[in-house]
Amino acid sequence: MPLVAGVDSSTQSCKVVVRDAETGALVRQGRAPHPDGTEVDPSAWWSALRTAIDAAGGLADVASVSVAVLAFRLLRHLPSVIRPALLWNDTRSAGAAAELIQEAGEGEAGRRFWADAVGSVPVASFTVTKLRWLARNEPANADRVAAVCLPHDWLTWRLAGAPGLDALRTDRSDASGTGYWSPATGEYRPDLLERALGRAVRVPTVLGPAETAGRLAPAALSGAVSPPTRTRRCSGRARATTPPPASASVPARATWWCRSVPPARSSASRTPRRPIRAASSPASPT
């Protein structure tokens, strides 16, 4: 019987469930708590995920993985997070939301601009408003940003072995909640991202529901996953897009910032890796 795993990295905890893909029957599960607060160091999510995977008996016999999360991260040009992630319920960016709307036009005109551009009007939970907050309140950190993505994007990337910022992947559901992606055109609005942060940065590739986001790194099959090590950049970093027999998918919602060079791997030491697919919506695994 093929098994599938669901990961729900929510505000309070990380849950991992493993089910029979044919019947939906629960086979095993694991859980680990998250710290309190409206901003969290993403390393706490990674640690909780590792613990929950172990408690659920690992992923070695799992054919597919799906991840759902809530938050936002910023990455630099090395695989590290610049500052704690602002959760969706962190309202410090409410003023930034109002500012972005007003800049687009007075009164209803500003709201109409955003609705036409990305299908929604900015509020404090959107990534675009948190980027404006960062630019206004922490300009030094804003200057260090190389990539912006949501938690499910980051956890997917980490589960795949952190293969470089070019390998960041997301789905339409999460992209549409950033405030700089148009569901009507299916494309990013880089002008809106630059309007918020002040410059262009890398964002994840938006995949369809059946496309592969990456392959599970061998170390991710259990919770004992080591953080990526610093190394020299090498070419061909964005790999793990062709699904082997098994598949794995992943969604999320939050915000972070990161840098860009991931760990290099010797081709002689590579082992077959399960793929990770981007899901079209952040479905809960429970």
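Computed from a prediction, not measured in an experiment: that's the story for all the values here. (Residues numbered from 1 in each chain as written. Predicted model: local features only at pLDDT ≥ 70, side-chain atom pairs only at ≥ 80, totals over all residues. Heavy atoms only, no water.)

## So, the overall build of the protein chain
Where we set the bar: Helix and strand definitions here come from DSSP, where helices need a minimum of 4 consecutive H or I residues and strands a minimum of 2 consecutive E residues; each element is numbered from the N-terminal end. Exposure categories follow from relative accessible area, calculated using a 1.4 Å probe and restricted to protein chains: below 20% of the type maximum is buried, above 50% is exposed, and the middle band is partly exposed. Every residue pair with non-hydrogen atoms within 4.5 Å of one another is taken to be in contact. Only the protein chains shown count as cover for residues, and the accessible areas themselves come from Shrake-Rupley with a 1.4 Å probe.
What the protein chain contains, in helices and strands, is eight helices and 15 strands. The proportion of buried residues among the 286 residues of the protein chain is 53%. Taking as baseline every contact in the protein chain between residues at least 6 positions apart, the subset at least 24 positions apart corresponds to 78%. Entry remark: accessible area of the protein chain is about 11,700 Å², with carbon and sulfur atoms responsible for 52%.

## A word on the confidence of the model for the protein chain
Selection rule: The predictor rates its confidence in each residue with pLDDT, a number between 0 and 100.
Looking at the protein chain as a whole, its pLDDT mean stands at 77, while 73% of the residues score no less than 70. Strand β14 (residues 254–260) is the least confidently modelled element of the protein chain, averaging 38 in pLDDT, while strand β11 (residues 187–188) averages 98, the highest of any element. Low pLDDT, under 50, characterises residues 277–286; the stretch is placed with 46 contacts to residues that sit more than four places away or in other chains.

## Concerning the side chain of D90
Convention followed: Polar contacts here mean pairs of N or O atoms no more than 3.5 Å apart (in protein, one a potential hydrogen donor and the other a potential acceptor; neighbouring residues in sequence count only if both atoms are side-chain atoms).
Here D90 lies in the loop between β7 (85–86) and α2 (94–104). In terms of polar contacts, D90 uses its side chain to reach the side chain of T38, at 3.0 Å. The residues touching D90, leaving out its near neighbours within four places in the chain, are T38, E39, A124 and K130.

## Describing the packing of α2 against helix α3 (residues 108–118)
A pair of packed helices is characterised by two quantities: the angle between their axes and the separation of those axes. Let me state the cut-off plainly: For every element, the axis is a line fit to its C-alpha atoms; helices are fit only across the contacting stretch, and the angle between N-to-C directions ranges from 0 to 180 degrees. The scheme is simple: roughly parallel for angles under 35 degrees, roughly antiparallel for over 145, roughly perpendicular for 65 to 115, oblique for anything else. Asp, Glu, Lys and Arg are counted as charged, while Ala, Val, Leu, Ile, Met, Phe, Trp, Tyr, Cys and Pro are counted as nonpolar; the rest, among them Gly, fall into the polar class.
It is at 7 Å that the axes of α2 and α3 come closest, and there the two elements cross at 100°. Relative to α3, the element α2 is oriented roughly perpendicular. The segment α2 lies against α3, with L100, I101 and A104 engaging A109, G110, R111, F113 and W114. Taken together, the residues of the contact of α2 with α3 sort by class into six nonpolar, one polar and one charged.

## Brief notes about the packing of aromatic side chains
Heads up, the rule is: Each Phe, Tyr or Trp ring (for Trp, its six-membered ring) is paired with any other whose centre lies within 6.5 Å, and the angle between the two planes then decides the class: stacked below 30 degrees, edge-to-face above 60, tilted in between. Any Lys NZ or Arg CZ found within 6 Å of a ring centre and within 35 degrees of that ring's normal is scored as a charge over the ring.
Inspection of every chain in the model, using the stated rule, returns two aromatic pairs. Of note, R158 hangs over the ring of W46, and the distance from its end group to the ring centre comes to 4.3 Å.

## What about α2?
Three- or four-residue spacings in an α-helix give side chains the same orientation, since the helix completes a turn every 3.6 residues. The test is simple: Directions from the helix axis toward the C-beta atoms define the arc.
Burial in α2 covers these residues: A96, A97, L100 and I101. Within α2, the buried residues cover an arc of 135° as seen down the axis, which keeps them to one side. In α2, the exposed positions angled more than 90 degrees off the buried face are occupied by G95 and Q102. Where α2 is buried, its residues touch α3, α4 (127–137) and α8 (190–197). Of the residues flanking the end of α2, it is G105, one or two places downstream, whose phi is positive at about 155°.

## Quick word on the side chain of S93
In this structure, S93 sits in the loop between β7 and α2. A polar atom in the side chain of S93 sits 2.7 Å from the backbone oxygen of A124. Those residues in contact with S93 that sit more than four places away from it in its chain are A124, T129, K130 and W133.

## Overview of the nonpolar core
Here is the rule: Put simply, buried Ala, Val, Leu, Ile, Met, Phe, Trp, Tyr and Cys residues joined by side-chain atoms within 4.5 Å make one nonpolar core.
Counting 29 residues, the largest nonpolar core has V16, L49, V65 and L159 as its most contacted members. The set of elements that each furnish at least two residues to this core consists of β1 (3–9), β2 (13–20), α1 (42–55), β5 (64–69), β8 (147–149) and α6 (151–159). With five residues, the top contributor of residues to this core is α1. When near neighbours in sequence (up to four residues on either side) are disregarded, V16 contacts G6, V7, R28, Q29, G30, L49, A52, I53 and A56. I82, V121, V128 and W133 belong to the second largest nonpolar core, which has 23 residues in total.

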